[in-house]
Amino acid sequence: MTVDGYRARAERAERIVFFGGAGVSTESGIPDFRSVDGLYSQKYDVPPETVLSAEYFYAHTDKFFRFYFDKMICTDAKPNAAHKKLAEWEKQGKLSAIVTQNIDGLHQAAGSEKVFELHGSVHRNTCTLCGKAFALDDMLKQKPNIPRCDCGGVIKPNVVLYGESLPYAAVNGALDAIANADMLIVGGTSLTVYPAASFVKYYKGARENLIVINLTEISGFENQLIGKIGELL
Ligand code: NAD
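Rules behind the numbers
Residues numbered from 1 in each chain as written. Predicted model: local features only at pLDDT ≥ 70, side-chain atom pairs only at ≥ 80, totals over all residues. Heavy atoms only, no water. Pairing = 2+ DSSP bridges. Helix = DSSP H or I, 4+ residues; strand = E, 2+ residues; numbered from the N terminus. Contact = heavy atoms within 4.5 Å. Polar contact = N/O pair within 3.5 Å; in protein donor to acceptor, adjacent residues only side chain to side chain. Salt bridge = Lys/Arg side-chain N within 4 Å of Asp/Glu carboxyl O. Buried < 20%, exposed > 50% of the residue type's maximum accessible area, 1.4 Å probe, protein only. Domains from an automatic or database assignment. Buried area = accessible area lost by both parts, 1.4 Å probe. Nonpolar A, V, L, I, M, F, W, Y, C, P; charged D, E, K, R; others polar. Near = heavy atom within 4 Å. Areas by Shrake-Rupley, 256 points an atom, 1.4 Å probe, with all protein chains shown as cover. Phe/Tyr/Trp six-rings, centres within 6.5 Å; stacked < 30°, edge-to-face > 60°. Lys NZ or Arg CZ within 6 Å of the ring centre and 35° of its normal.

Q: Tell me about the sheet that holds strand β6 (residues 155–159), and name the residues and values.
A: Taken in spatial order, the three strands make up an open sheet running β5-β4-β6, and their pairing is antiparallel. The outermost strands of the open sheet, each flanked by one partner alone, are β5 (133–134) and β6. In this structure, strand β4 (residues 120–127) lies alongside β6, joined through five bridges in antiparallel fashion. In the strand pairing of β6, S121 is matched with N158.

Next up, the structure:
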């Protein structure tokens with residue numbers, strides 16, 4: 001199908017759900033994990049999958065935060081054309097939800113309100129001892145040290161680390177939105193991080209309205225637009 005064909009379908013849709021990943025934010029300057037320029041192509045003594053695990057967080061908290069502050073936080077990043085288009089669709093009443101694996105908060109910065117963050121957000125942080133909540137700025141003030149609460153507890157970002165389960169409310173909301181969608185656009189994700197990747201299976205709408213937008217082809221999908229998501233959306 002041509003881009004115009006996809007556009008016509010999107011214009012007719014009334015309950016679009018967008019399911020996205022790190023590729024949505026690369027045009028904002030935040031590297032993804034699995035592209036050629038992604039974090040997994042760079043050389044580290046300890047692989048990013050290990051550093052970003054719950055086990056590593058508790059065993060090597062200082063090294064975790066060194067990586068986290070250096071590689072996962074991009075304070076200069078601004079929403080790009082993809083974030084903005086999705087926010088526009090929500091305001092027009094065409095898009096019922098965004099389900100994202102991203103933790104950068106850029107959809108909300110673009111004006112989107114119905115966002116299910118499957119992997120949490122760098123903007124929410126909690127003391128592991130007393131439960132007090134902290135903003136990202138509070139964390140950055142303590143950089144490069146381990147961020148600590150007044151009570152002495154380590155402050156942990158509310159991001160889902162490998163080995164942790166997904167937040168219940170976000171999962172419920174995401175599955176409900178996907179199951180009721182009349183179009184599901186899967187964009188900027190390699191669909192390799194589980195269980196999030198399996199959520200696409202809950203889509204029950206027309207097959208031709210299940211559309212993948214990615215820089216590279218994702219196996220198992222009929223309708224794919226290959227290219228930059230900011231341009232294609
Ligand atoms: P991934 O790195 O595994 O895959 C990204 C995909 O996006 C790749 O297939 C790549 O080809 C594609 N892509 C990159 N730039 C693109 C563009 N401009 N247009 C279209 N496609 C583009 O990312 P993932 O599937 O989201 O899984 C990685 C995990 O890493 C997720 O859990 C996510 O939370 C986390 N992560 C988040 C951020 C962020 O919040 N911005 C950044 C890095 C990693």
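Q: Before we move on, could you go through the environment of T126 and cite the residues and values that matter?
A: With respect to the helices and strands, the residue T126 is situated in strand β4. Separated by 23 residues in sequence, T126 and C149 have C-alpha atoms that sit 8.8 Å apart. For T126, the contacting residues outside a window of four places in its chain are G131, K132, V154, I155, K156 and N158. Reaching out from T126, the side chain makes a polar contact with the side chain of N158 at a distance of 2.9 Å.

Q: Go over the pattern of salt bridges, please, and point to the residues and values.
A: Throughout the structure, instances matching the rule amount to eight salt bridges. One salt bridge connects D150 with K132, and the closest N-O pair in it is separated by 3.9 Å. Of this pair, D150 sits in the loop between α7 (136–141) and β6 while K132 sits in the loop between β4 and β5, and the two are 18 residues apart along the sequence. Under the relative-accessibility criterion, D150 is labelled exposed at 76%. Residue K132 is classed as partly exposed on the basis of its relative accessible area, which comes to 39%. Between R207 and E222 there is a salt bridge whose closest N-O contact spans 2.0 Å. You can see R207 sitting in the loop between β7 (183–187) and β8 (210–214) and its partner E222 sitting in the loop between β8 and β9 (223–226), a full 15 residues away along the chain.

Q: Could you give me a rundown of the domain arrangement of the protein chain, with the residues and numbers involved?
A: Split by domain assignment, the protein chain resolves into domain 1 (1–30 + 77–119 + 165–233) and domain 2 (38–73 + 122–159). A straight line from the C-alpha centre of domain 1 to that of domain 2 covers 27 Å. Each partner contributes to the interface: domain 1 provides five residues, whereas domain 2 provides six residues. Here domain 1 and domain 2 share an interface that buries about 410 Å² over both sides, 51% of which is from carbon and sulfur atoms. Looking at the side of domain 1 facing domain 2, the largest losses of area belong to I103, E117 and H119, adding up to 79% of the total buried there. With a shortest N-O distance of 2.8 Å, R124 and E117 are connected by a salt bridge. Run the count over domain 1 and domain 2 and you get three residue pairs in polar contact (both at pLDDT 80 or more). Of the residues in the side of domain 1 that touches domain 2, the class split is one nonpolar, two polar and two charged.

Q: Please set out the site of the ligand residue by residue, giving values where relevant.
A: R34, Q101, H119, T189 and S190 are the nearest of the 28 residues found near the ligand. The separation between a nitrogen atom of the ligand and a polar side-chain atom of T26 is 2.8 Å. The backbone of I103 places a nitrogen or oxygen atom 2.8 Å from an oxygen atom of the ligand. Taken by itself the ligand offers 850 Å² of open surface, and the protein chains cover 95% of this.

Q: Kindly report on the packing of aromatic side chains, identifying the contributing residues and their values.
A: For the structure on display, the rule yields eight aromatic pairs. Seen from their ring centres, F57 and F65 are 5.8 Å apart, and the 70 degrees between their planes marks the pair as edge-to-face. For F65, a relative accessible area of 0% corresponds to the buried category. On the basis of an interplanar angle of 90 degrees and a centroid distance of 5.2 Å, the ring pair of F64 and F65 is categorised as edge-to-face. Across the pair, F65 and F64 agree in class, each one buried. Between the NZ or CZ atom of K156 and the centre of the ring of F57, over which it lies, the distance is 5.6 Å.

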